[in-house]
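# Reading the structure
Here are the chains, one letter per residue:
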Amino acid sequence: SEMSEGQVKKFMYVNRKAPHGTIYALEPLEVVMIAAAFDQDVSLAFMDDGVYQLKKGCNTKGIEVKNFQPTYRALDDYDINKLYVEKEALEARGLTEEDMCVPVEVRSRAEIGKLMETQDIVLSF
């Protein structure tokens, strides 16, 4: 079944990498904002070390990568408010929902897996 032009597609971006010292964390955000600008249904999932991307108070001094947290807040302007964080990843790293710098929905790995199955496009970074 070909998707008709202008039909909203569901995109999920899965972030599994820690933010600093790599360019990985920046790229998904740029892609996300582009997709959102085209009125797609965009959600983000943070799994494994990706949960560190949302950790409050990350010290980015001395690191050449800019602090992404203001960018995450900008997601709100694009109406992207589905940020899913893997429960097991938080627990393994001694983090809780309160440690996140933006509002998130904590879901188990299995639940995030089910969400992935409902997406048209899943991009993993």
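Residues numbered from 1 in each chain as written. Predicted model: local features only at pLDDT ≥ 70, side-chain atom pairs only at ≥ 80, totals over all residues. Heavy atoms only, no water.

Enumeration according to the criterion identifies 1 aromatic pair in this entry. Both rings, one in Phe11 and one in Tyr13, keep their centres 6.0 Å apart while their planes meet at 10 degrees; by these two values the pair is stacked. The pair formed by Phe11 and Tyr13 is uniform in burial state, with each residue classed as buried. (Phe/Tyr/Trp six-rings, centres within 6.5 Å; stacked < 30°, edge-to-face > 60°. Buried < 20%, exposed > 50% of the residue type's maximum accessible area, 1.4 Å probe, protein only.)

As enumerated under the stated definition, the model contains 7 salt bridges in all. Note that Asp49 and Arg93 form a salt bridge whose closest N and O atoms lie 2.9 Å from each other. Placement of the pair is Asp49 in the loop between strand E2 (41-46) and helix H2 (69-75) and Arg93 in the loop between helix H3 (87-92) and strand E4 (105-107), with a sequence separation of 44 residues. The exposure class assigned to Asp49 is partly exposed, which follows from its relative accessible area of 31%. Arg93 sits in the partly exposed class, given a relative accessible area of 25%. Between Glu105 and Arg107 there is a salt bridge; the shortest N-O distance is 2.5 Å. Residue classification places Glu105 among the partly exposed positions, given a relative accessible area of 29%. What emerges from the salt-bridge pattern is a single network uniting Arg16, Asp48, Glu86 and Arg109. (Salt bridge = Lys/Arg side-chain N within 4 Å of Asp/Glu carboxyl O. Helix = DSSP H or I, 4+ residues; strand = E, 2+ residues; numbered from the N terminus.)

Turning to the pairing of strand E3 (residues 83-86), a few remarks are in order. Within a regular beta strand, the side chains point alternately toward one face of the sheet and then the other, so they alternate between its two faces. The alternating pattern of E3 places Leu83 and Val85 and Tyr84 and Glu86 on opposite faces, both of which are buried. Where E2 and E3 come together, 3 bridges link them in parallel fashion. Looking at the pairing, Phe46 lines up with Val85 of E3. As paired strands, E3 and E4 are joined by 3 bridges and run parallel to one another. When the bridges of E4 are listed, Tyr84 appears paired with Glu105. In this fold, E3 hands off to H3, which returns the chain to E4; that crossover is right-handed. (Pairing = 2+ DSSP bridges. Right-handed = clockwise from strand over helix to strand, strands pointing away.)

What follows concerns the side chain of Gln119. Locating Gln119 in the fold gives a position in the loop between helix H4 (109-117) and strand E5 (121-124). Within the structure, Gln119 has its side chain in polar contact with the backbone oxygen of Leu115 (distance 3.3 Å). Among the polar contacts listed, one links the side chain of Gln119 to the side chain of Thr118, at a separation of 3.5 Å. With near-sequence residues (within four places) excluded, Gln119 lies in contact with Lys10, Phe11, Met12 and Ser43. (Polar contact = N/O pair within 3.5 Å; in protein donor to acceptor, adjacent residues only side chain to side chain. Contact = heavy atoms within 4.5 Å.)

Okay, the environment of Val51 next. As for its position among the elements, Val51 is in the loop between E2 and H2. With relative accessibility at 0%, the residue Val51 sits in the buried group. Separated by 34 residues in sequence, Val51 and Val85 have C-alpha atoms that sit 6.7 Å apart. The contact partners of Val51, leaving out residues within four places of it in the chain, are Phe46, Val85, Glu86, Ala89, Leu90, Arg93, Leu95 and Met100.

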